[in-house]
Amino acid sequence: MKHNIEIYDVVVVGAGHAGCEASTSSARCGAKTLMITSSIDDIGVLSCNPSMGGIGKSHLLAEIDACDGISAKIADMSAIHSRRLNTRKGLAVQAVRLQLDRNLYRKNMKLEIQNTENLTVIYSKLQNIKRQKDDEKTDGFNWVVSLKNKQEVFCKAVIITVGTFSNGVIYQGEEKIEAGRFLENGSPQENSKSISSILKDMDFKLRRFKTGTPPRLYKNSIDFSKLESQKSDVDFPRLSTFSSPHTGPVENCFITHTTEELNNIIQNNIDKAPMYNGTIKSIGARYCPSIEDKVMKFPHNKSHHIFLEPEGINSNLIYPNGLSTSFSPKIQLQYLRSIPGLENVKVDQFGYAIEYDVIDPTRLNNILEDRIYKNLFFAGQINGTSGYEEASAQGLVAGINAVKKCGKRPSFVFERTNSFIGVLVDDLISIGVDEPYRMFTARSEHRLTLRPDNAVDRLSDICPSVSLDRKFYSDMKHKQLGLIKAILDKKVSKEEVLNQKYDGQERKSIRKWIQSGTFNWNHFLELSKFPPEIQFTANVETLYEGYIKRQELDKILLKKQNNTRIDNVDFSKIKGLSNEVQQRLIKYKPKNLYQMSKLSGITPVAVMIVLKASRVDSSIKVDLIL
């Protein structure tokens, strides 16, 4: 083996959310790890919206945090606005969403990377990746990574996390630019054609996906008096269980809306939008539509909400969430100024659409390793996902398991039954993607038990990268939940609860009183002595006890009914199915429930609804948990 080369256990290509999580988790597990990126400014960049969390996504972040990952922690350190979402719905589907200071997040992530033991960063461009024959001479260092500066790196495992840089092309009206994204100074950042070329040589089937981003607006050109203010929650909820209370400055977000004038401008110019004139042929994210899609696909909606979100405490820029586009700057400015509060708006950077290459993730196994080329892992948007949180979760999986493979130790697999990360990975490798994948709570058939509040309890005892403080917290929580369970089993009467005095009336357990709705948690003083986060978990599990049992029965029922025929069912007439699910069922015409469950975008709830509608066996009782 040559002496003028670098030697590492794991090499991570890319420094986005997947790359940062993969690098730090690999290093945390004891592997000598190298991160390769073109510039120090690429580390921790929030390429699109400076926010993290939300429905389903905060569940992923809680699990990353439970496994000692960094994304939730860095987000909490960089937050300037925090809100709980879905507060009118069940506790299992509520979520936390943070607005971040874009520059502060990048600064905090850089510091985390620089201070991570066993982790080195090289700023260079990737030229090639080659696999050597596995023999005694290589000693397990079977991958050779070649860099633009003619440096070669030998390693045992490679993790590819290049995001939208894989053969990326930017569109703004008629302008077409080969780039991975626009930099903050407005200049395009060079894409990575080498990755696509390497993967094609390795017989990967590549396809094109699309994403987009809105313009960035100057704050001092907006009339906020016309907008609805959206304040942060007073208690400033966090994404990480282990973050300190927020003490930094807080910013408000604002809400405005589109107008019929905007609709007319877009409709009259739709032939100039690359997404509609045939220039862009790739598939975009269904759940993050461009403003063109909103206007053209939902013509009955005369107005759409736009959320104006600050990019930072000391930033003069506003991110208009809901206005991603492929239009030219001229048309963007025209319709922007038709929006209340933006009549005189000035633009720092105009929005754009971007196409990029992705692999077919069904070629990967359950640790995101290629089934053909061993010790080659993929994480992030290159697997067909969208979102920072989905990318970070994949980076964690790849980083932990790359180290496992280096040491020839058994892999650590996140299962559907124990995590949303397991749901994400299983969906990717078993179903694949025909559009950018986004996590929702509805994708999990176990969502009542896979909540952010119990993520540490579920994963800290089994994840190999967990630190002692996670394990200690989990042990402490288990003990306290046991004490609460004993209290819940105590029997009291209604008058005894009200008067705090035993009166001899018929009694039933505190658990039953809470489940009946007669009393809530706060009526029982014995329960209030426990820490708030412990009370929350116990309260949720008490309230949902019956539903959790029903969910377990549904799992058994679905397993038994996988072969139930549904080819004669008229999916268009089934109430309760979303338009998306109906469209997929009508298009693919699954013959049985098993085939249906494997279709992309089909939720466990949808399977249960179709099972009930099929009425193959009238003796089957189906309890739907909606």
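A look at the side chain of serine 444
Then step 1. Within the fold, serine 444 resides in the loop between helix H10 (420-430) and helix H11 (455-459).
Then step 2. Polar side-chain contacts of serine 444 include one of 3.0 Å to the backbone nitrogen of histidine 446.
Then step 3. The contact partners of serine 444, leaving out residues within four places of it in the chain, are Phe420, Val423, Leu450 and Pro604.

Thoughts on the sheet that holds strand E10 (residues 169-172)
Then step 1. Read across the sheet, four strands follow the order E11-E10-E21-E14 without closing on themselves; strand pairing throughout is antiparallel. Only two strands of the sheet have a single neighbouring strand rather than two, namely strand E11 (175-178) and strand E14 (207-213). Sheet twist, expressed as the average angle between the axes of neighbouring strands with direction ignored, equals 25°.
Then step 2. Looking at chain direction, E10 and E11 are connected through four bridges and run antiparallel. Within the sheet, the bridge partner assigned to valine 169 lies in E11 and is glutamate 178.

Some thoughts on the environment of leucine 119
Then step 1. Residue position: leucine 119 is located in strand E6 (residues 119-123).
Then step 2. Distance from leucine 119 to lysine 130, taken between C-alpha atoms, is 22 Å for residues 11 residues apart in sequence.
Then step 3. When sequence neighbours within four positions are dropped, the list of residues in contact with leucine 119 reads Ser23, Thr24, Ala27, Thr33, Met35 and Ile113.

Observations regarding the sheet that holds strand E15 (residues 216-218)
Then step 1. The antiparallel open sheet is built from six strands, whose spatial order is E16-E17-E18-E19-E15-E20. The sheet is open, and its two edges are formed by strand E16 (228-230) and strand E20 (347-349), each paired on a single side. Neighbour to neighbour, the strand axes of the sheet diverge by 35° on average, direction disregarded.
Then step 2. Where strand E17 (residues 253-257) and strand E18 (residues 305-310) come together, four bridges link them in antiparallel fashion. Across the sheet, threonine 256 pairs through a bridge with isoleucine 306, a residue of E18.

What to know about the packing of aromatic side chains
Then step 1. The final tally for this structure, using the stated rule, is 10 aromatic pairs.
Then step 2. Ring plane angle 70° and centroid distance 5.4 Å describe the contact between tryptophan 513 and phenylalanine 519, whose orientation is recorded as edge-to-face. Pair check on accessibility: tryptophan 513 and phenylalanine 519 agree, each one buried.
Then step 3. Both rings, one in phenylalanine 519 and one in phenylalanine 524, keep their centres 6.1 Å apart while their planes meet at 80°; by these two values the pair is edge-to-face. Each member of the pair, phenylalanine 519 together with phenylalanine 524, is buried.

Digging into unusual backbone geometry
Then step 1. The backbone phi angle of aspartate 68 is positive, close to 70°, even though this residue is not glycine.
Then step 2. As for its position among the elements, aspartate 68 is in the loop between helix H2 (57-66) and helix H3 (71-77).
Then step 3. Positive phi is not limited to glycine here, since phenylalanine 236 has a value of about 45°.

Quick word on the nonpolar core
Then step 1. In this structure, Val11, Val145, Val158, Ile160, Phe378 and Ile421 are the most contacted members of the largest nonpolar core, which totals 81 residues.
Then step 2. In terms of residues, this core owes the most to one element, H10, which gives seven residues.
Then step 3. If we ignore the near neighbours within four places in the chain, the residues touching valine 158 are Val11, Val13, Ile129, Trp143, Val145, Asn375, Leu376 and Phe377.
Then step 4. In terms of nonpolar packing, the next biggest core, distinct from the first, is built from 23 residues, Ala273, Ile306, Val345 and Val347 among them.

Concerning helix H5 (residues 193-201)
Then step 1. Where H5 is concerned, the buried positions are Ser194, Ile195, Ser196, Ile198 and Leu199.
Then step 2. Along its buried surface, H5 packs onto strand E7 (126-131), strand E9 (152-160), strand E21 (352-358) and strand E22 (376-378).

With respect to the environment of glutamine 480
Then step 1. Looking at the secondary structure, you find glutamine 480 in helix H12 (residues 468-488).
Then step 2. Sequence spacing of glutamine 480 and phenylalanine 530 is 50 residues, and the spatial spacing of their C-alpha atoms is 7.7 Å.
Then step 3. Not counting residues within four places of it along the chain, the set of residues in contact with glutamine 480 comprises Phe530, Pro531 and Ile534.

Looking at the confidence of the model for the protein chain
Then step 1. Of the residues in the protein chain, 95% reach a pLDDT of 70 or more, and the chain-wide mean stands at 90.
Then step 2. For residues 616-626, every residue scores under 50 in pLDDT, and the model assigns this stretch 25 contacts once sequence neighbours within four places are set aside.

Thoughts on the packing of helix H6 (residues 260-268) against helix H8 (residues 329-336)
Any two packed helices are characterised by how steeply their axes cross, that is the angle between the axes, and by the distance between the axes.
Then step 1. Running from amino to carboxyl end, H6 crosses H8 at an angle of 160°, the nearest separation of the two axes being 9 Å. By the angle between their axes, H6 is roughly antiparallel relative to H8. Of the two possible hands of crossing, H6 and H8 adopt the one that is right-handed. Each of Leu262, Ile265 and Ile266 in H6 lies in contact with H8, whose residues at this interface are Ile331, Gln334 and Tyr335.
Then step 2. Here the residues of the contact of H6 with H8 are counted per class, giving five nonpolar, one polar and no charged.

Section: the pattern of salt bridges
Then step 1. Considering all chains together, one arrives at 38 salt bridges under this definition.
Then step 2. Residues arginine 216 and glutamate 311 are paired through a salt bridge, measuring 3.4 Å at the closest nitrogen-oxygen approach. Taken together, the residues span a long stretch of sequence, with arginine 216 in strand E15 and glutamate 311 in the loop between E18 and strand E19 (317-321) at a distance of 95 residues.
Then step 3. Look at arginine 216 and you get buried, because its relative accessible area is 6%.
Then step 4. The class of glutamate 311 is buried, set by a relative accessible area of 5%.
Then step 5. Note that aspartate 489 is salt-bridged to arginine 511, the shortest N-O span being 2.4 Å.

Conventions and cut-offs
Residues numbered from 1 in each chain as written. Predicted model: local features only at pLDDT ≥ 70, side-chain atom pairs only at ≥ 80, totals over all residues. Heavy atoms only, no water. Helix = DSSP H or I, 4+ residues; strand = E, 2+ residues; numbered from the N terminus. Polar contact = N/O pair within 3.5 Å; in protein donor to acceptor, adjacent residues only side chain to side chain. Contact = heavy atoms within 4.5 Å. Pairing = 2+ DSSP bridges. Axes fitted to C-alpha atoms, helices over the stretch in contact; angles between N-to-C directions. Phe/Tyr/Trp six-rings, centres within 6.5 Å; stacked < 30°, edge-to-face > 60°. Buried < 20%, exposed > 50% of the residue type's maximum accessible area, 1.4 Å probe, protein only. Core = buried A, V, L, I, M, F, W, Y, C linked by side-chain atoms within 4.5 Å. pLDDT = per-residue confidence, 0-100. Parallel < 35°, antiparallel > 145°, perpendicular 65-115°, else oblique. Left-handed = near helix turned anticlockwise from the far one by under 90°. Nonpolar A, V, L, I, M, F, W, Y, C, P; charged D, E, K, R; others polar. Salt bridge = Lys/Arg side-chain N within 4 Å of Asp/Glu carboxyl O.

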